[in-house]
Amino acid sequence: SMFGIIQGSNYDDLRKQCVEEVCSYDLPGYAIGGVSVGEGPELMEQAVSFTAPLMPKNKPRYVMGVGTPEDLLMIWKYGIDMSDCIIPTKYARGGTLYTSRGKLRIRHKNYRRDFYPIDISCECYTCKNFSRSYIKHLFDSNEILGQILATIHNIAFYDKMAKQAREAILENRFTQFAKDFMANYAK
C-alpha cells in the first residue's frame with residue numbers, strides 16, 4: 001500500500017501544512033517521517049504528539065524508523081498503529097538482548113557461568129533451550145548461531161510487548177501498562 005509521508009522536522013507549522021496536503025489524498029494510510037534521525041527522544045515525541053492527532057483516525061498511522069521499547073510505548077500512546085526499525089535484529093547481532101528487566105549485553109564476562117535463560121519470563125525458542133553462558137560462548141567464538149538465537153529472542157520480546165500493549169489498549173489500561181512495563185524494564 002502507498003502511504004503518504006508527513007515531514008516537517010520539528011516545525012509544527014510545516015508538519016501541519018504537510019498533514020493538510022498529504023492527507024488531502026485518499027491514501028491507504030499515512031506515515032510520520034523525519035523522526036528518529038538524531039533529534040533525541042523529547043523532540044521525537046514533540047513531533048509525534050503534535051502530528052498524530054491531525055492525521056485521519058480511520059486509516060493506518062505509521063511512524064518510520066522508530067524501534068526502542070521506550071519509543072514504541074511513546075508512539076502507541078499517541079495512537080500510532082505501526083512502525084519499522086532494525087534495532088531488534090541489529091542489536092541482537094551485536095549481542096544486545098532485550099529482556100523484561102532491560103537490555104542484557106551477552107558479551108559481558110558475568111555471563112560466562114550464567115545458566116539462566118536470557119529472560120526467565122520469556123517462552124521463545126532461545127530462552128527455552130539455551131543458557132546465557134552458551135549464547136555468550138557462541139558470541140565469543142564468532143559462531144553465527146549466537147546471532148541467530150539472539151535475533152529469535154529479540155523478535156519474540158518485541159512480539160510479546162506488542163501483544164501485551166494491544167491487550168492493554170483494548171482493555172483501556174494502556175497508561176498503566178506502559179508505566180508498569182517501564183518500572184520493570186528500567187531496573
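Quick note: structure is the one above.
Just so you know, these numbers come straight off a predicted model, no measurement behind them.

Quick notes on the rules
- Within every chain, residues take consecutive numbers counted from 1 along the sequence as written.
- Under the rules for a predicted model, residues below a pLDDT of 70 receive no local features and side-chain atom pairs below 80 are neither given nor counted, while totals for whole chains, interfaces and linings still include all residues.
- To get the side-chain values, all heavy atoms of the structure are used, and hydrogens and water are removed first.
- Residue types Ala, Val, Leu, Ile, Met, Phe, Trp, Tyr and Cys, when buried and joined through side-chain atoms within 4.5 Å, form a set referred to as a nonpolar core.
- With a 1.4 Å probe rolled over the protein chains alone, any residue whose accessible area is under 20% of its type maximum counts as buried; one over 50% counts as exposed, and the rest are partly exposed.
- A contact between two residues is defined here by any heavy atoms of the two lying within 4.5 Å.
- Working definition: helices are DSSP H or I runs of at least four residues, strands are E runs of at least two. Numbering for both runs from the N terminus.
- Contacts described as polar in this section are N or O atom pairs within 3.5 Å, which, within protein, must combine one atom able to donate a hydrogen with one able to accept it, while residues neighboring in sequence count only if both atoms come from side chains.
- The length a helix should cover is 1.5 Å for every residue beyond the first.
- Criterion used throughout: strands pair if DSSP finds at least two bridges between them.
- In this scheme, patches are assembled from residues that exceed 30% relative accessible area and form no salt bridge. Like charges are connected within 9 Å, while nonpolar side chains (Val, Leu, Ile, Met, Phe, Trp, Tyr) are connected within 5 Å.
- Every accessible area reported is derived by Shrake-Rupley at a probe size of 1.4 Å, with residue values counting cover from the shown protein chains alone.
- Definition used for salt bridges: Asp or Glu carboxyl oxygen within 4 Å of a side-chain nitrogen of Lys or Arg.
- Interaxial angle, 0 to 180 degrees, is taken between N-to-C directions of lines fitted to C-alpha atoms, where a helix line uses only the stretch in contact.
- For classification purposes, angles smaller than 35 degrees are called roughly parallel, those larger than 145 roughly antiparallel, those between 65 and 115 roughly perpendicular, and all remaining angles oblique.
- When residues are grouped by polarity, Ala, Val, Leu, Ile, Met, Phe, Trp, Tyr, Cys and Pro land in nonpolar, Asp, Glu, Lys and Arg in charged, and all others, Gly among them, in polar.
- We call a crossing left-handed when the near helix sits turned anticlockwise from the far one by less than a right angle, and right-handed when that turn is clockwise.

Novice: How should I be thinking about the nonpolar core in this particular structure?
Specialist: For soluble globular proteins, the rule of thumb is that nonpolar side chains tend to be buried together. With 33 residues, the main nonpolar core has Ile32, Val63, Leu73, Ile75 and Trp76 as its most contacted residues. The contact partners of Ile75, leaving out residues within four places of it in the chain, are Val48, Val63, Val66, Ile80, Met82 and Ser83.

Novice: What exactly am I supposed to notice about the side chain of Asp114 here?
Specialist: Mapped onto the elements of the fold, Asp114 is located in the loop between β6 (102-105) and α5 (125-129). The contact partners of Asp114, leaving out residues within four places of it in the chain, are Ser131, Arg132 and Ser133.

Novice: Would you mind showing me how to read the environment of His108 here?
Specialist: Looking at the secondary structure, you find His108 in the loop between β6 and α5. Each C-alpha atom, one on His108 and one on Gly95, is 9.3 Å from the other, the two residues being 13 residues apart in sequence.

Novice: How do you make sense of the environment of Asp180 when you look at a structure like this?
Specialist: Topologically, Asp180 is positioned in helix α8 (residues 174-185). Engagement of the side chain of Asp180 in a polar contact is seen with the side chain of Gln176, the distance being 2.7 Å.

Novice: How should I be thinking about α8 in this particular structure?
Specialist: The α-helix winds at 3.6 residues per turn, so residues separated by three or four positions along the chain end up facing the same way. Its 12 residues give α8 an end-to-end C-alpha distance of 16 Å, which sits within 8% of 16 Å, the value for a rise of 1.5 Å per residue. Summarising the contacts, the buried residues of α8 are in contact with α3 (69-77), β5 (96-99), β6 and α7 (144-170).

Novice: Just to check I follow, could you spell out the side chain of Ser133 for this structure?
Specialist: Within the fold, Ser133 resides in helix α6 (residues 132-140). A residue is classified by how much of its surface remains accessible, and Ser133, at 11% relative accessible area, is buried. Among all residues touching Ser133, those that are not within four sequence positions of it are Tyr111, Arg112, Arg113, Asp114 and Phe115.

Novice: Explanation requested: the sheet that holds strand β3 (residues 61-63) in the structure shown.
Specialist: Whether parallel or antiparallel, the strands of a sheet pair through hydrogen bonds between backbone atoms. Ordered by their spatial adjacency, four strands build an open sheet running β1-β2-β3-β4, and the pairing between neighbours is parallel. Edge positions in the sheet fall to β1 (3-6) and β4 (82-83), since each has one partner strand and no second. Bridge analysis of β1 against strand β2 (residues 29-32) gives four bridges, and the strand direction is parallel. Within β2, the position partnered with Gly4 by the bridge is Tyr30.

Novice: Got a minute to help me understand a nonpolar patch on the surface in this structure?
Specialist: Taken together, Tyr125, Tyr134, Ile144, Leu145, Ile148 and Ile152 make up a surface patch of nonpolar side chains, about 530 Å² in accessible area. Turning to its location among the elements, Ile152 is positioned in helix α7. Overall, the relative accessible area of 33% leaves Ile152 in the partly exposed class.

Novice: Teacher, can you tell me more about the packing of α3 against α8 here?
Specialist: Viewed as axis vectors pointing N to C, α3 and α8 meet at an angle of 170 degrees, and their least axial separation amounts to 11 Å. Our classification of the angle between α3 and α8 gives roughly antiparallel. Contacts between α3 and α8 pair Pro69, Glu70, Leu73, Trp76 and Lys77 from the former with Phe174, Phe177, Ala178, Phe181, Met182 and Tyr185 from the latter. Taken together, the residues of the contact of α3 with α8 break down into nine nonpolar, no polar and two charged.

Novice: Would you mind going over the packing of α3 against α7 with me for this structure?
Specialist: Each pair of packed helices can be described by the angle between their axes along with the distance between the axes. As a packed pair, α3 and α7 sit with axes 12 Å apart at the nearest point and diverge in direction by 25 degrees. Put simply, α3 runs roughly parallel to α7. Both α3 and α7 take part in a crossing whose hand is right-handed. Contact with α3, carried on its side by Pro69, Leu72, Leu73 and Trp76, involves Phe157, Tyr158, Met161, Ala162 and Ala165 of α7 and no other residues of that element. For the contact of α3 with α7, the class distribution of residues is nine nonpolar, no polar and no charged.

Novice: What should I look at first to understand the pattern of salt bridges in this one?
Specialist: When charged atoms on two side chains of opposite charge get close, those side chains can pair. With the rule as written, the count across this model stands at eight salt bridges. For the salt bridge of Asp159 with Lys163, the shortest nitrogen-to-oxygen distance reads 3.1 Å. Here Asp159 pairs with Lys163, and both are found in helix α7, just four residues apart, close to one helical turn. Classification of Asp159 as partly exposed rests on a relative accessible area of 39%. With a closest N to O distance of 3.3 Å, Arg173 and Glu167 form a salt bridge. Classification of Glu167 as partly exposed rests on a relative accessible area of 44%.

These figures come from the coordinates and say nothing about function on their own.
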